[in-house]
Amino acid sequence: MSNKNYSRRRFLAQSSLGLIAFAGLPGFIQAMEGMHGMPKLTPNKASASFKADVECDLFCRSGSVSILPGQQTQVQQYSALLKKGPKDTIIDIAGSYLGPIINLQKGQKVRINLHNKLTEPTVTHWHGLHVPANMDGHPQYTIDPGEILVYEFEVLNRAGMNIYHPHPHELTAKQVYHGLAGALFVHDEEEAKLELPSGEYEIPIVIQDRRFDAQNQLVYAHNMHDRMIGYYGDRILVNGRPDFKIDVASRAYRLRVLNGSTARIYKLAWDDGTPLTIIGVDGGLLEKPEIKPYVMLAPGERLDVWADFSGRNEGSQLVMRSQAFSGVLPKMAERMGGMMMHGHSLPVGSDYPIFTARVTKKVSDSPKLPTQLTKINWHPLSSTANPDKPIPIGISEGPMAMLLNGRPYAFNDIQDVERIKVNTIQLMEIFHAHGGSGHGKQSASTEEHNAEQHGGGMGMMGMGHKGRGMGMMGGMSHGNEEPKTESHGMGMGGMGMMMAMAHPIHLHGQQFQIVSRSVGTEQEADYATVRDGFIETGLKDTVLVMPGETVRIIKPFQDFKGLFMYHCHNLEHEDMGMMRDFLIE
Ligand code: C2O
Ligand code: CU
Ligand code: CU
């Protein structure tokens, strides 16, 4: 089936779910046209000159697993077969729909043959890895059922926890939700020297939320509301299991935590008030451990947690919970309360357990937490190509399109601000393109949030952004920008504010450092419920941007030319078009 037919079929399917009401609007039409722009390439084959140290076959297929008591659940899952390399390269998680853990060493040359045994297109992306553009799982490399795609790359990353997951155009969220995701660890000598807890003392914790019907089957509704707010399950799974428990000895453990949910944001904390000791984030170890009362974890983000159960009695237990917080969902949704969440039994920002650690064995010695973990090679502002002119990443939300820099995803639609010179370091600024309050200047209440204020806000932002009109909300001037994604003449200014929500923004390629965050006074009360949970002392590839918040980052674009994506890792948003390409040239 050609991509075109495929797209058309999806279009019809979605229309019948109620999107038809929006289909006449210009933004929607543009989004649809974007889908047809994706080329169908011949899948990359193995090259004879690439001498792989590690080679494996990675399969995507449907299967069924026992998750809840009773009937098995239909899922989509990864499985792998090691053809060459160390035995512990592939470690299956018994009984889980999650893909096997992939362990790689820095410097290894890796070949992975992706076999699409699904009945729909797919492609796999190595989230967090610094690999060439044509090995990154960009949606243009999507393969059809029955096809094989060969990836070949050298592991350049420092030690850290990464993710592999599908990235096919508009199917990412659905495939991840149905089970296609796994953890990929990179190890290196620097990390090995620290002798951190390993083996049975190092435990992956992949947190996801899912919703099941009475027959134990996954429910993934795909109506307009679910796409706009993101889809939320009512059950927390860890490593694919409900009510997850680990039995631990009274000593230190290393918990490798990943938020693999499509949309849900967590505020992780121990239930007895013990602070969290964080030793690493997305891009690997921190220089020094950080002690936090709680940590926010958005989809795509990772945490390396030092969990010390020393001194705890046999039989005692410690629960990791997600604590209460506010402000990540649109005010519109919060005000409409239960209605917008369909009377949801596990509201985002409520307090609920994630997993339990039970101390089942008393031991007398435990490794010591190192005071110095690593040295990070920070890039000063003066090393950036554009210290006064950050590359903009403007977020805008709308009822039918989620946009970045005012545009939905479209292949081969590179704007000037999206062209980046290879081997440069760039200052970038992520902000809410509507709302105008993210830049220090505070606008008044939502009601007064009229077109004029948007104009003012944008003017100010425009200074660093080549004066481009960004965002579809409000009556800001788009100059000669595309008229297609403009305000829809329904008084979108207020609506834009009402729809403002948190977005985990992810950039492919090398990890970045967070330079600054600032939030408008209007959001301060909500922000106070999350602010102590952010970690800026490590390298990141995904950053949670709260409503009204502006985040500045410094990111290197070294070694590889080509297309590297940036997008919201709320995967429903990503599939709605909150995704763009940078062209590194
Ligand atoms: Cu985790 Cu572009 O993705
Ligand atoms: Cu990624
Ligand atoms: Cu988003």
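So, a few notes on the structure that sits alongside this text. Model, not experiment: these values are computed from the prediction.

## Things to note about the overall build of the chain
Scanning the chain from N- to C-terminus turns up 10 helices and 31 strands. In the chain, buried positions account for 63% of the 585 residues. With the model as given, the accessible surface of the chain reaches about 21,300 Å², and the carbon-plus-sulfur share is 52%.

## Some details on the nonpolar core
Core analysis: the biggest nonpolar cluster contains 56 residues, and Ile-505, Leu-507 and Phe-582 have the highest contact counts within it. There are two domains that each give this core at least three residues, and those are domain 2 (199-361) and domain 3 (381-584). Leaving out residues up to four positions away in the same chain, Phe-582 has contacts with Ile-391, Ile-393, Val-417, Glu-418, Ile-420, Met-428, Leu-507, Phe-557, Gly-562, Leu-563, Phe-564 and Tyr-566. Among the nonpolar cores identified, the runner-up in size contains 34 residues, and Val-238, Leu-268, Val-281 and Leu-286 belong to it.

## Some thoughts on the coordination of the copper ion (ligand 2)
Binding of the copper ion (ligand 2) to the protein goes through His-125 (NE2) and His-506 (NE2), at separations of 1.9 Å. Of this pair, His-125 sits in strand 6 (residues 124-127) while His-506 sits in strand 26 (residues 503-507), and the two are 381 residues apart along the sequence. His-125 gets classed as buried once you look at its relative accessible area, which sits at 1%. On the accessibility criterion, His-506 (1% relative accessible area) is buried.

## Notes on the coordination of the copper ion (ligand 3)
All of the protein donors around the copper ion (ligand 3) are His-503 (ND1), Cys-568 (SG) and His-573 (ND1); their distances to the metal are 2.0 to 2.1 Å. In the primary sequence, the donor residues of the copper ion (ligand 3) line up as H-x64-C-x4-H. Note that His-503 is positioned in strand 26 and His-573 in helix 10 (residues 571-576), a separation of 70 residues in sequence. For the pair His-503 and His-573, a shared accessibility class is recorded, and that class is buried.

## Some remarks on the pairing of strand 22 (residues 391-397)
Along strand 22, 7 of the 7 residues are buried, which leaves the element largely enclosed by surrounding structure. The alternating pattern of strand 22 places Ile-391, Ile-393, Ile-395 and Glu-397 and Pro-392, Gly-394 and Ser-396 on opposite faces, both of which are buried. Note: strand 22 against strand 25 (residues 424-432), 5 bridges, orientation parallel. Its bridge partner being in strand 25, Ile-395 is matched across the sheet by His-432. Summarising the sheet, strand 22 and strand 23 (residues 402-404) pair through 3 bridges and their orientation is antiparallel. Paired with Ser-396 across the strands is Leu-403, a residue of strand 23. A loop of 4 residues connects strand 22 with strand 23, the two strands running antiparallel in sequence.

## A few points about the packing of aromatic side chains
This model, assessed by the stated rule, comprises 16 aromatic pairs. With centroids separated by 5.9 Å and ring planes inclined at 50°, the aromatic side chains of Trp-126 and Phe-153 adopt a geometry described as tilted. Here Trp-126 is found in strand 6, whereas its partner Phe-153 is found in strand 7 (residues 148-154), with 27 residues between them in sequence. A residue is classified by how much of its surface remains accessible, and Phe-153, at 2% relative accessible area, is buried. Ring centres 6.0 Å apart and planes at 75° place the aromatic pair Phe-557 and Phe-582 in the edge-to-face group. Here Phe-582 lies in strand 31 (residues 579-584) and Phe-557 lies in strand 29 (residues 549-557), a separation of 25 residues in the sequence. Members of the aromatic cluster, each reached through a chain of ring pairs, are Tyr-201, Phe-244, Tyr-253, Trp-270, Phe-309 and Phe-355. Sitting over the ring of Tyr-177, Arg-210 keeps its end group 4.6 Å from the ring centre. Here the guanidinium or amino end of Arg-517 rests over the ring plane of Phe-534, the centre of that ring lying 3.9 Å away.

## Let's talk about the pattern of salt bridges
Within this structure, the stated rule accounts for 26 salt bridges. Between Lys-40 and Glu-147 there is a salt bridge, with its nearest N and O atoms 2.8 Å apart. Here Lys-40 is found in the loop between helix 2 (26-36) and strand 1 (54-65), whereas its partner Glu-147 is found in the loop between strand 6 and strand 7, with 107 residues between them in sequence. Glu-429 serves as the salt-bridge partner of Arg-552, at 2.7 Å between the closest nitrogen and oxygen. On the criterion of sequence distance, the pair formed by Arg-552 in strand 29 and Glu-429 in strand 25 is long-range, its members being 123 residues apart. Counted as one network, the salt bridges with shared partners bring together Glu-191, Glu-202, Arg-254, Arg-256 and Asp-304.

## Section: the sheet that holds strand 26
An order of 24-31-30-26-28 is seen for the 5 strands of this open sheet, with the pairing classed as mixed. For this open sheet the edge positions go to strand 24 (419-420) and strand 28 (542-545), each flanked by a neighbour on one side alone. With 3 bridges joining them, strand 26 and strand 30 (residues 562-568) adopt antiparallel strand pairing. Bridging from a neighbouring strand, His-506 pairs with His-567 of strand 30.

## A few points about the sheet that holds strand 7
Taken in spatial order, the 4 strands of this open sheet run 2-1-5-7, and their pairing is mixed. One side of each edge strand has no neighbouring strand; the edge strands of this open sheet are strand 2 (73-84) and strand 7. Along the sheet, successive strands turn relative to each other by an average axial angle of 20°, direction set aside. As paired strands, strand 1 and strand 2 are joined by 11 bridges and run antiparallel to one another. When the bridges of strand 2 are listed, Asp-57 appears paired with Leu-81.

## Brief notes about unusual backbone geometry
The backbone of Glu-170 shows a phi angle near 65°, a positive value even though the residue is not glycine. Among the residues examined, Glu-170 registers a relative accessible area of 13% and is labelled buried. Positive phi is not limited to glycine here, since Asp-559 has a value of about 75°. Tracing the backbone through its elements, the reader meets Asp-559 in the loop between strand 29 and strand 30. Given the relative accessible area of 48%, Asp-559 is considered partly exposed.

## Structural notes on the side chain of Arg-517
Within the element layout of this structure, Arg-517 appears in strand 27 (residues 513-519). Polar side-chain contacts of Arg-517 include one of 3.2 Å to the side chain of Glu-536. Ignoring anything within four residues of it in the chain, the contact list for Arg-517 reads Tyr-527, Phe-534, Glu-536, Val-543, Leu-544, Glu-549, Thr-550 and Val-551.

## A look at the pairing of strand 7
Of all 7 residues in strand 7, 5 are buried; the element is thus mostly enclosed. Pairing geometry for strand 5 (residues 109-116) and strand 7, over 7 bridges, is antiparallel. Residue pairing across strands places Asn-113 opposite Val-150, the latter belonging to strand 7.

Each value, and the rule that gives it
- Residues numbered from 1 in each chain as written.
- Chains lettered and ligands numbered in written order.
- Predicted model: local features only at pLDDT ≥ 70, side-chain atom pairs only at ≥ 80, totals over all residues.
- Heavy atoms only, no water.
- Helix = DSSP H or I, 4+ residues; strand = E, 2+ residues; numbered from the N terminus.
- Buried < 20%, exposed > 50% of the residue type's maximum accessible area, 1.4 Å probe, protein only.
- Areas by Shrake-Rupley, 256 points an atom, 1.4 Å probe, with all protein chains shown as cover.
- Core = buried A, V, L, I, M, F, W, Y, C linked by side-chain atoms within 4.5 Å.
- Domains from an automatic or database assignment.
- Contact = heavy atoms within 4.5 Å.
- Donors = N, O, S within 2.8 Å, 3.2 Å for Na, K, Ca; no water.
- Pairing = 2+ DSSP bridges.
- Phe/Tyr/Trp six-rings, centres within 6.5 Å; stacked < 30°, edge-to-face > 60°.
- Lys NZ or Arg CZ within 6 Å of the ring centre and 35° of its normal.
- Salt bridge = Lys/Arg side-chain N within 4 Å of Asp/Glu carboxyl O.
- Axes fitted to C-alpha atoms, helices over the stretch in contact; angles between N-to-C directions.
- Polar contact = N/O pair within 3.5 Å; in protein donor to acceptor, adjacent residues only side chain to side chain.

So, to be careful, I would describe these as geometric facts and stop short of saying anything about function.
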